[in-house]
Amino acid sequence: MTHPGSVDPNPASIGRVPAPPFARLPDPRRLFEARRERLESLAQTSELAPYLRFVAGIAAAQSAIQGGLPEPDLPPPDALDRAREFGMPPLDRNQVDVDDVIGTTLNRLFDVVAPLAKPDEAQAALSRVKAASPDEVRIMVRNVLADSIPADAIAEHVYVAAGLQVHFTRLAARLDKDKLTRISDSACPCCGGAPASSLVVGWMEAEGTRYCSCSLCGTLWNVVRVKCVLCGSGKGIGYQEIEGSAGTIKAECCDTCRGYVKILYQQKDMALDPVADDIASLALDLLLKDGEYRRGSFNPFLLGV
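Cut-offs used in this document
Residues numbered from 1 in each chain as written. Predicted model: local features only at pLDDT ≥ 70, side-chain atom pairs only at ≥ 80, totals over all residues. Heavy atoms only, no water. Helix = DSSP H or I, 4+ residues; strand = E, 2+ residues; numbered from the N terminus. Buried < 20%, exposed > 50% of the residue type's maximum accessible area, 1.4 Å probe, protein only. Pairing = 2+ DSSP bridges. Axes fitted to C-alpha atoms, helices over the stretch in contact; angles between N-to-C directions. Left-handed = near helix turned anticlockwise from the far one by under 90°. Contact = heavy atoms within 4.5 Å. Nonpolar A, V, L, I, M, F, W, Y, C, P; charged D, E, K, R; others polar. Expected span 1.5 Å × (residues − 1). Phe/Tyr/Trp six-rings, centres within 6.5 Å; stacked < 30°, edge-to-face > 60°. Lys NZ or Arg CZ within 6 Å of the ring centre and 35° of its normal. Core = buried A, V, L, I, M, F, W, Y, C linked by side-chain atoms within 4.5 Å. Salt bridge = Lys/Arg side-chain N within 4 Å of Asp/Glu carboxyl O.

1. Notes on unusual backbone geometry
What you tend to see is this: most non-glycine residues have negative phi, and most peptide bonds are trans. The phi dihedral of Asp147 is positive, around 50°, even though this residue is not glycine. In this model, Val226 sits at a positive phi of 50°, which is unusual for a non-glycine residue. Residue placement: Val226 occurs in the loop between strand 4 (220-222) and strand 5 (237-240).

In structure tokens form, the structure reads like this:
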């Protein structure tokens, strides 16, 4: 394990591309299908195999239910213009209500994941969320969008979060990436969501640059490396990892705010997925859990970490 004061071992790659694209919008079908493939691959060698296969089943459902879903409506052009003018995300999480599109998306997801192999507790939680009243569903949606999940109802909210990922990914895919503006390093320029993790990418037009991945809509946005995603500090940035690991997943720790967000070196392994590999590297979170750094990212499939 490296120490908090250590420096990224690949500083030469910083700034290799002078103007990488600011954002990359998600491809809804491909995003969840690729995540399913990665989760199933990780499950072959992981001690977390049963859980990874369960989340892979959710990802498969997230991809499968999109055919025939009603199209979500973007905010009107004047609202998009105001958001851009005032540096706000165009998809306002605070204005979301459970309309027919969200309701249909959630119900389809619940139906498709019902046959998945899962612990009794997870099955019971699915039964409860399927039986929830419209007002109860609306409260769960608000909780997910506020990244504030009650500790006694985590399992129910995971299913709701998975449905909202589908909805917001479909919305984000319809935005104009050239009209997106930076909200902050820690906020998605589409929906204001927190990052699940960050990636050092190997794309031809942005090789060696870092992108955060939205935990809700899957949008990627560029953030300078060796800088805290959470508070913006460039001082006291260190990297911790599991001893003997491949060096492709590290916790970027900040001595200023005492937070960390995982950084995945996708240019070393193109299969790395910002959500799947965040889950599979749970051991790194457990290593840090009782130490001085707090987890600063959000992943609905790692609630409670």
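2. Observations regarding the pairing of strand 3 (residues 210-214)
Where a strand is regular, its side chains alternate between the two sheet faces. Taken across its five residues, strand 3 has five buried, putting it largely inside the fold. Neither face of strand 3 is open: one carries Arg210, Cys212 and Cys214, the other Tyr211 and Ser213, and all of them are buried. Note: strand 2 (residues 195-200) against strand 3, five bridges, orientation antiparallel. Looking across to strand 3, one finds that Ser198 is bridged to Cys212. What sits between strand 3 and strand 4 in their antiparallel hairpin is a turn of five residues, with Gly218 showing a positive phi close to 80°.

3. Overview of the packing of helix 5 (residues 120-130) against helix 7 (residues 154-172)
Between helix 5 and helix 7, the shortest axis-to-axis distance is 8 Å and the interhelical angle comes to 65°. As helix 5 packs across helix 7, the resulting crossing turns out to be right-handed. Here helix 5 contributes Ala122, Gln123, Ala125, Leu126, Arg128 and Val129 to the contact with helix 7, which in turn contributes Ala155, Glu156, Tyr159 and Val160. Here the residues of the contact of helix 5 with helix 7 are counted per class, giving seven nonpolar, one polar and two charged.

4. Focus: helix 6 (residues 134-145)
Between its terminal C-alpha atoms helix 6 stretches 16 Å, which fits the 16 Å expected from twelve residues at 1.5 Å a residue. As for helix 6, its buried residues are in contact with helix 4 (100-113), helix 5 and helix 7. Note on helix 6: the residue one or two positions beyond its end, Asp147, has a positive phi of about 50°.

5. Comments concerning the packing of aromatic side chains
For the structure on display, the rule yields three aromatic pairs. Centre to centre, the rings of Trp203 and Tyr211 are 4.6 Å apart; their planes meet at 40°, and the pair counts as tilted. Feature note: the residues Tyr51, Phe54 and Tyr159 constitute an aromatic cluster, connected by ring pairs. Over the face of the ring belonging to Trp203 we find Arg24, whose NZ or CZ atom lies 3.6 Å from the ring centre. One Lys or Arg, Lys268, reaches over the ring of Tyr265 and ends 5.1 Å from the middle of that ring.

6. Regarding the nonpolar core
Core analysis: the biggest nonpolar cluster contains 65 residues, and Tyr159, Val160, Leu164 and Phe168 have the highest contact counts within it. Elements represented by at least two residues in this core include exactly helix 1 (28-43), helix 2 (49-64), helix 4, helix 5, helix 6, helix 7, strand 3 and helix 8 (276-280). Ranked by residues supplied to this core, first place goes to helix 7 with ten residues. Ignoring anything within four residues of it in the chain, the contact list for Tyr159 reads Phe54, Leu109, Phe110, Val113, Lys118, Ala122, Gln123, Ala125, Leu126 and Val129. Grouped together as the second largest cluster of nonpolar side chains are 15 residues, Val201, Trp203, Leu220 and Tyr293 included.

7. Here we look at the pattern of salt bridges
Inspection of the entire model under this criterion finds 26 salt bridges. Put simply, Arg38 and Asp269 hold a salt bridge, and the shortest N to O gap is 3.9 Å. Linking Arg38 in helix 1 with Asp269 in the loop between strand 7 (259-265) and helix 8, this pair joins segments that are 231 residues apart in sequence. Residue Arg38 is classed as buried on the basis of its relative accessible area of 14%. By relative accessible area, Asp269 is classed as partly exposed at 26%. The partner of Glu252 in a salt bridge is Arg210, and the shortest N-O contact between them spans 3.1 Å. Of this pair, Glu252 sits in strand 6 (residues 249-254) while Arg210 sits in strand 3, and the two are 42 residues apart along the sequence. Neither Glu252 nor Arg210 differs from the other in exposure class; each is buried. What you see here is one network of salt bridges that share partners, running through Arg30, Glu33, Arg36, Glu37 and Glu40.

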